[in-house]
Amino acid sequence: MSVYLDHNASSPLRPEALAAMTAALAEVGNPSSVHAAGRRARARVETARGQVAALAGVTAQDVTFTGSGTEANALAIQSAVAAGVERLIVNPTEHPSVLEPARAAGLPVEWLEVEENGLVSMHELADRLKDGAPAQVLLQLANSETGVVQTFPEVADVCARFGSWLHVDAAQGAGKMPSIRWGDTVAISAHKIGGPQGVGALINITGKALSAVVRGGGQERGLRAGTENVAAIAGFGAAAEAAGRDLDAINRQEPWRDAALARMMAEGAESIGDGAWILPHVLSAAVEDWASELQVMALDLAGVMVSAGSACSSGKVARSPVLSAMKLDRLAGGVIRATGGWNTTEDDWARFADAWIDSYRAFRARRIERAA
């Protein structure tokens, strides 16, 4: 049986989400229709809105459903631009769904420095904000590659002190941390917590003025036009409710993850993010002499699915910009990420470590043979 440790990419669908989606798909009804079928569809959407709101610690009216976490990030950035911010202050280790809309926003972009552990400096952030035009600060709650959690609530306090719009990409933090209620707007994604792909939400915590990215029929209070994906939203709500209930299942993985990491480090691997709080289900480690893509392929052949820390595009492998920003270029070509989730077991972590060690030893043996 294979081991799946790539939950940060996409988590398997939870049974609760599947049941909610199946029930929704079995019925007809447009949520904007006023007849009985439409009202039932609307009820499913609003039930899910309440479930997502409960996970985020907000009220239902603060939740706007989107087609993805990526769209939620874009909605927050474009809304801030429309509201009059004059510059964007960005952590360079952000996900591309933040980096690319920031670059395309038409405003000056200021890049924060990050330490080798991936944390931004509160002093630098305060210095940037105290002098200059109104800004939106864009900062991940937890990094998708390394699992490093930024220093909230300190970040939120600094931004609030200078009246800056803080947008938090919490796609990897939702359902993994007790609270994601930081800053002004927060983006989350269903498929990171065991919901379906193709649905996300923007949480508007402080009542910022949002501006529609998609215009049309006025759905989602005019912020996201288009008939709602009722089944996906219902699955999102069910997954959010289950994720809030199952936080302990994520926390239980910390010693399992640590044991796997310790075994890898005994073979020469280096841990990424030391000195920072790392989410308990995320392992990011690297070796200098074994390319990330070769590690992923070797593990896949052994029945273990993980991700490379580098981004692949058109068959070409690029070094991780996250590790480059962390000044870890020497390791950027040899990093892998293993991430557990709601259905991960202790045995999964042990089998991953077994497979990695066996594969690395075999790789080194082949290299010695070729050099002989």
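Please refer to the structure placed before this passage.
Residues numbered from 1 in each chain as written. Predicted model: local features only at pLDDT ≥ 70, side-chain atom pairs only at ≥ 80, totals over all residues. Heavy atoms only, no water.

Peer 1: Just give me the short version of the overall build of the chain, but keep the residues and values in it.
Peer 2: What the chain contains, in helices and strands, is 13 helices and 15 strands. The C-alpha radius of gyration computed for the chain amounts to 21 Å, which stays within 12% of the reference 21 Å derived for 372 residues, consistent with globular compactness. Overall, the C-alpha framework of the chain stretches about 75 × 55 × 40 Å when taken along its three principal axes. Per-residue burial over the chain gives 54% buried out of 372 residues. The long-range fraction of contacts in the chain, counting pairs at least 24 apart against all pairs at least 6 apart in sequence, stands at 68%. Split by element, the accessible area of the chain, about 15,300 Å² in all, is 54% carbon and sulfur. Side chains of the chain carry 33 positive and 42 negative charges; the gap between the two charge centres is 5 Å. (Helix = DSSP H or I, 4+ residues; strand = E, 2+ residues; numbered from the N terminus. Rg over C-alpha atoms; globule rule 2.2 N^0.38 Å. Buried < 20%, exposed > 50% of the residue type's maximum accessible area, 1.4 Å probe, protein only. Contact = heavy atoms within 4.5 Å. Areas by Shrake-Rupley, 256 points an atom, 1.4 Å probe, with all protein chains shown as cover. Lys, Arg positive; Asp, Glu negative; His and termini not counted. Charge placed at Lys NZ, Arg CZ, Asp CG, Glu CD.)

Peer 1: Describe helix α5 (residues 122–130), and please don't skip the residues or the numbers.
Peer 2: All of the buried residues in α5 are Met122, Glu124, Leu125, Ala126 and Leu129. Against the buried residues of α5 lie β3 (87–90), β4 (109–111), β5 (135–140) and α6 (154–161). One side-chain oxygen of the residue at the start of α5 lies 3.3 Å from the amide nitrogen of His123, identifying that residue as Ser121. Following α5 by one or two positions, Gly132 has its phi on the positive side, about 135°. (Polar contact = N/O pair within 3.5 Å; in protein donor to acceptor, adjacent residues only side chain to side chain.)

Peer 1: So what's going on with the environment of Met297? Which residues, and what values?
Peer 2: By secondary structure assignment, the location of Met297 is in helix α10 (residues 292–301). The sequence separation of Met297 and Ser307 amounts to 10 residues, and the corresponding C-alpha distance is 9.7 Å.

Peer 1: Explain the packing of aromatic side chains to me, and be specific about the residues and the numbers.
Peer 2: Applying the stated criterion across every chain, the model contains 8 aromatic pairs. Centroid distance Tyr360 to Phe363: 6.5 Å. Interplanar angle 15°. Geometry classified as stacked. Residue Tyr360 and its partner Phe363 are located together in helix α13 (residues 346–371), separated by 3 residues, close to a single helical turn. With relative accessibility at 4%, the residue Tyr360 sits in the buried group. Note on Phe363: relative accessible area 10%, which makes it buried. These aromatic residues form a ring-pair network of at least three members: Trp290, Trp356, Tyr360 and Phe363. (Phe/Tyr/Trp six-rings, centres within 6.5 Å; stacked < 30°, edge-to-face > 60°.)

Peer 1: Summarise the pattern of salt bridges; cite the residues concerned and give the values.
Peer 2: Taken as a whole and judged by the stated rule, the model has 25 salt bridges. In this structure, Arg245 engages Glu16 in a salt bridge whose closest nitrogen and oxygen atoms are separated by 2.7 Å. A residue pair is termed long-range when its members are at least 10 positions apart, and Arg245 in helix α7 (residues 230–245) and Glu16 in helix α1 (residues 15–25) qualify at 229 residues. Note that Glu100 is salt-bridged to Arg103, the shortest N-O span being 2.6 Å. Residue Glu100 and its partner Arg103 are located together in helix α4 (residues 96–103), separated by 3 residues, close to a single helical turn. Exposure remark for Glu100: the relative accessible area of 44% places this residue in the partly exposed category. (Salt bridge = Lys/Arg side-chain N within 4 Å of Asp/Glu carboxyl O.)

Peer 1: Any details on the side chain of Ser284? Residues and values, ideally.
Peer 2: Mapped onto the secondary structure, Ser284 falls in strand β10 (residues 282–286). The contacts of Ser284, once residues within four sequence positions are left out, are Glu145, Thr146, Glu270, Ser271, Ile272, Val335 and Ile336.

Peer 1: Describe the pairing of β5, listing the residues and the values that go with them.
Peer 2: Summarising burial for β5: 6 of the 6 residues are buried, a large majority. Taking every second residue as pointing to the same face, both faces of β5 are buried, with Ala135, Val137 and Leu139 on one and Gln136, Leu138 and Gln140 on the other. As paired strands, β3 and β5 are joined by 4 bridges and run parallel to one another. Residue pairing across strands places Ile89 opposite Val137, the latter belonging to β5. Note: β5 against strand β6 (residues 165–169), 5 bridges, orientation parallel. Its bridge partner lying in β6, Val137 is registered against Leu166. Crossover connection from β5 via α6 to parallel β6: handedness right-handed. (Pairing = 2+ DSSP bridges. Right-handed = clockwise from strand over helix to strand, strands pointing away.)

Peer 1: Describe the environment of Gly132, naming the residues involved and giving the relevant values.
Peer 2: If you trace the backbone, Gly132 turns up in the loop between α5 and β5. For Gly132, a relative accessible area of 61% translates into the label exposed. Spatially, the C-alpha atoms of Gly132 and Glu86 are 9.2 Å apart, while their sequence positions differ by 46 residues.

Peer 1: Outline the side chain of His7, supporting the account with residue identities and numerical values.
Peer 2: Relative to the elements of secondary structure, His7 occurs in the loop between β1 (3–4) and α1. Note on His7: relative accessible area 1%, which makes it buried. The contacts of His7, once residues within four sequence positions are left out, are Pro12, Lys192, Thr339, Gly340, Gly341, Trp342, Asn343 and Thr344.

Peer 1: Residues and numbers for the nonpolar core, please.
Peer 2: Counting residues in each nonpolar core, the largest one holds 72 residues, and the members touching the most others are Val52, Phe65, Leu125, Leu166, Ile188, Ile203 and Phe236. Per-element accounting of this core gives the leading share, 10 residues, to α7. With sequence-adjacent residues up to four places away left out, Ile203 is seen in contact with Val52, Ala56, Val58, Asp62, Val63, Asp184, Thr185, Val186 and Ile188. Counting residues in each nonpolar core, the second largest holds 24 residues, with Leu5, Leu261, Val304 and Tyr360 among its members. (Core = buried A, V, L, I, M, F, W, Y, C linked by side-chain atoms within 4.5 Å.)

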